[in-house]
Amino acid sequence: WRAAAGLVGLALLWTGVVAEAVADAQKSAAKRVRPDAIVRTGLYRYARAANYAAEQVVWTGSFVAGVPYYAAWWHWLVAAAGCFTMVLVVMPQSARELDERQRARMQRAGGAA
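These remarks concern the structure in this document.

The rules behind each value
Residues numbered from 1 in each chain as written. Predicted model: local features only at pLDDT ≥ 70, side-chain atom pairs only at ≥ 80, totals over all residues. Heavy atoms only, no water. Phe/Tyr/Trp six-rings, centres within 6.5 Å; stacked < 30°, edge-to-face > 60°. Buried < 20%, exposed > 50% of the residue type's maximum accessible area, 1.4 Å probe, protein only. Patch = residues over 30% accessible without salt bridge, like charges linked within 9 Å, V, L, I, M, F, W, Y side chains within 5 Å. Areas by Shrake-Rupley, 256 points an atom, 1.4 Å probe, with all protein chains shown as cover. Salt bridge = Lys/Arg side-chain N within 4 Å of Asp/Glu carboxyl O. Helix = DSSP H or I, 4+ residues; strand = E, 2+ residues; numbered from the N terminus. Axes fitted to C-alpha atoms, helices over the stretch in contact; angles between N-to-C directions. Parallel < 35°, antiparallel > 145°, perpendicular 65-115°, else oblique. Contact = heavy atoms within 4.5 Å. Nonpolar A, V, L, I, M, F, W, Y, C, P; charged D, E, K, R; others polar. Core = buried A, V, L, I, M, F, W, Y, C linked by side-chain atoms within 4.5 Å. Left-handed = near helix turned anticlockwise from the far one by under 90°.

Quick word on the packing of aromatic side chains
- Applying the stated criterion across every chain, the model contains four aromatic pairs.
- Relative to Tyr 70, the ring of Phe 63 lies with its centre 5.7 Å away and its plane at 35 degrees, an arrangement referred to as tilted. In this structure, Phe 63 and Tyr 70 share a single accessibility class: buried.
- With centroids separated by 4.9 Å and ring planes inclined at 65 degrees, the aromatic side chains of Tyr 70 and Trp 76 adopt a geometry described as edge-to-face.
- A connected cluster of aromatic rings, assembled from ring pairs, spans Phe 63, Tyr 70, Trp 76 and Phe 84.

Here's what the structure looks like:
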């Protein structure tokens, strides 16, 4: 089962990498057309911060891909701490901060966020 977990993890990791690259490209293209607008096309139809959601998939995939190599309890602990810190703390906080900056920008411009 560990080998299968490793393959699933690699699939998740690379799916996240590709999704993040696509989301970043879509956001860049949309911002070239309307720099101050909130992006709501492409992957951003499904997630307000699609690139951050994809980053969470990368971190989760990285954790799962390492399963075949976690030999001691502390390997699990260190890997889980890193993954969960990124997925449950850093990325959601980054998305909140991005939303706050966008909201402030929209209010200064006289629009609705």
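Quick word on a nonpolar patch on the surface
- A cluster of nonpolar side chains, contributed by Leu 7, Leu 10, Trp 14 and Val 17, occupies part of the molecular surface with about 410 Å² of accessible area.
- Its place among the elements puts Leu 7 in helix H1 (residues 2-33).

What to know about the packing of helix H2 (residues 50-65) against helix H3 (residues 73-109)
- At a minimum axis distance of 10 Å, the contact between H2 and H3 shows a crossing angle of 180 degrees. Taken together, the axes of H2 and H3 are roughly antiparallel relative to one another. Contact residues: Tyr 52, Glu 55, Gln 56, Trp 59, Thr 60 and Phe 63 in H2; Trp 76, Ala 79, Ala 80, Gly 82, Cys 83, Met 86, Val 87, Met 91, Pro 92, Ser 94, Ala 95 and Leu 98 in H3.
- Within the contact of H2 with H3, the residues separate by chemical class into 13 nonpolar, four polar and one charged.

Considering the nonpolar core
- With eight residues, the main nonpolar core is built from Ala 5, Phe 63, Val 67, Tyr 70, Ala 79, Ala 80, Cys 83 and Val 87.
- Sorting elements by how many residues they give to this core places H3 first, with four residues.
- Contact partners of Phe 63, with chain neighbours within four places excluded, come to Tyr 70, Trp 76, Ala 79, Ala 80 and Cys 83.

Focus on the pattern of salt bridges
- Evaluation of the coordinates by the stated rule reveals one salt bridge.
- Arg 48 is the partner of Asp 99 in a salt bridge, and the nearest nitrogen-oxygen pair spans 3.1 Å. Remark: Arg 48 occurs in the loop between H1 and H2 and Asp 99 occurs in helix H3; sequence separation between them is 51 residues.
- Its relative accessible area of 32% is what places Arg 48 among the partly exposed residues.

Considerations on the packing of H1 against H2
- At a closest axis distance of 7 Å, the pairing of H1 and H2 adopts a crossing angle of 160 degrees. Classified by the interaxial angle, the pair formed by H1 and H2 is roughly antiparallel. Viewed along their axes, H1 and H2 form a crossing whose handedness is left-handed.
- The residue makeup of the contact of H1 with H2, split by class, is 14 nonpolar, six polar and three charged.

Focus on the environment of Arg 96
- Inspection of the secondary structure assignment puts Arg 96 in helix H3.
- On the basis of relative accessibility, which here comes to 45%, the residue Arg 96 falls in the partly exposed class.
- With 64 residues separating them along the chain, Arg 96 and Arg 32 place their C-alpha atoms 23 Å apart.

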